[in-house]
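Coordinate inspection notes
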Amino acid sequence: MSDFKNKLKECRKTKKLTLIDLAEQLKTSHATINRYELGVNEPSLDRLIELARLFNVSTDYLLGVEHEQEKVAPEYTPEQLQVVELVKKLTSKELEKVYNYLLGIIDART
């Protein structure tokens, strides 16, 4: 995973995140992120997937298997991704309420 440390740093800087910003989003310490970028430690598979989702790249890209940075999903902000994760936890009834609420907000803009 020698390419990983470079790809991680590149992705972090592209998103204009500091080590502290990234650590906060991942709910870990900035020292952990720093160790990844220095190549001292490697992330778990779950953390690797989390990083790929956050940066909207494939895990293969982060690992250096793919050299072209292809977007794997539309570009979302970290806040939008957090909303998606919360929505996944809702029941059908709760989801319908949230959907109707959001429609109301959007309709109020026009």
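Remember, predicted model here, so these are calculated numbers, not experimental data.

**Quick word on the overall build of the protein chain**
Within the protein chain, the regular secondary structure consists of seven helices and zero strands. N-terminal to C-terminal, the α/β element order of the protein chain is α-α-α-α-α-α-α. Its C-alpha atoms give the protein chain a radius of gyration of 17 Å, clearly above 13 Å, the size a compact globule of 110 residues would have. Principal-axis analysis of the C-alpha atoms places the extent of the protein chain at approximately 50 × 30 × 25 Å.

**Concerning the confidence of the model for the protein chain**
Per-residue confidence for the protein chain gives a mean pLDDT of 88, with 92% of residues at or over 70. Confidence, read as mean pLDDT per element, is least for helix H6 (residues 78–87) in the protein chain (83) and greatest for helix H3 (residues 30–38) (95).

**Side note on the pattern of salt bridges**
Within the structure shown, the criterion is met by three salt bridges. Ionic pairing is found between Arg12 and Glu37, a salt bridge with its closest N-O pair at 2.6 Å. With a gap of 25 residues between them, Arg12 in helix H1 (residues 2–14) and Glu37 in helix H3 connect regions that are remote in the sequence. Note on Glu37: relative accessible area 10%, which makes it buried. One salt bridge connects Glu85 with Lys88, and the closest N-O pair in it is separated by 3.2 Å. By relative accessible area, Glu85 is classed as partly exposed at 40%.

**What about the side chain of Lys7?**
Along the chain, the position of Lys7 falls in helix H1. Buried charged residue Lys7 carries no salt bridge. Nearest counter-charge: Glu10, at 4.6 Å. Setting aside anything within four residues of it in sequence, one finds Lys7 in contact with Tyr61, Leu62, Gly64 and His67.

**Some words on the packing of helix H2 (residues 19–26) against helix H4 (residues 45–55)**
Helices that pack against each other are described as a pair by the angle of their axes relative to one another and the distance between those axes. At their nearest, the axes of H2 and H4 sit 11 Å apart, and the two run at 115 degrees to each other. Classified by the interaxial angle, the pair formed by H2 and H4 is roughly perpendicular. Considering how the two elements wind past one another, H2 and H4 form a crossing that is right-handed. Contacts from Leu22, Gln25 and Leu26 in H2 reach Arg47, Glu50, Leu51, Leu54 and Phe55 in H4. Of the residues in the contact of H2 with H4, the class split is five nonpolar, one polar and two charged.

Conventions and cut-offs
Residues numbered from 1 in each chain as written. Predicted model: local features only at pLDDT ≥ 70, side-chain atom pairs only at ≥ 80, totals over all residues. Heavy atoms only, no water. Helix = DSSP H or I, 4+ residues; strand = E, 2+ residues; numbered from the N terminus. Rg over C-alpha atoms; globule rule 2.2 N^0.38 Å. pLDDT = per-residue confidence, 0-100. Salt bridge = Lys/Arg side-chain N within 4 Å of Asp/Glu carboxyl O. Buried < 20%, exposed > 50% of the residue type's maximum accessible area, 1.4 Å probe, protein only. Lys, Arg positive; Asp, Glu negative; His and termini not counted. Contact = heavy atoms within 4.5 Å. Axes fitted to C-alpha atoms, helices over the stretch in contact; angles between N-to-C directions. Parallel < 35°, antiparallel > 145°, perpendicular 65-115°, else oblique. Left-handed = near helix turned anticlockwise from the far one by under 90°. Nonpolar A, V, L, I, M, F, W, Y, C, P; charged D, E, K, R; others polar.

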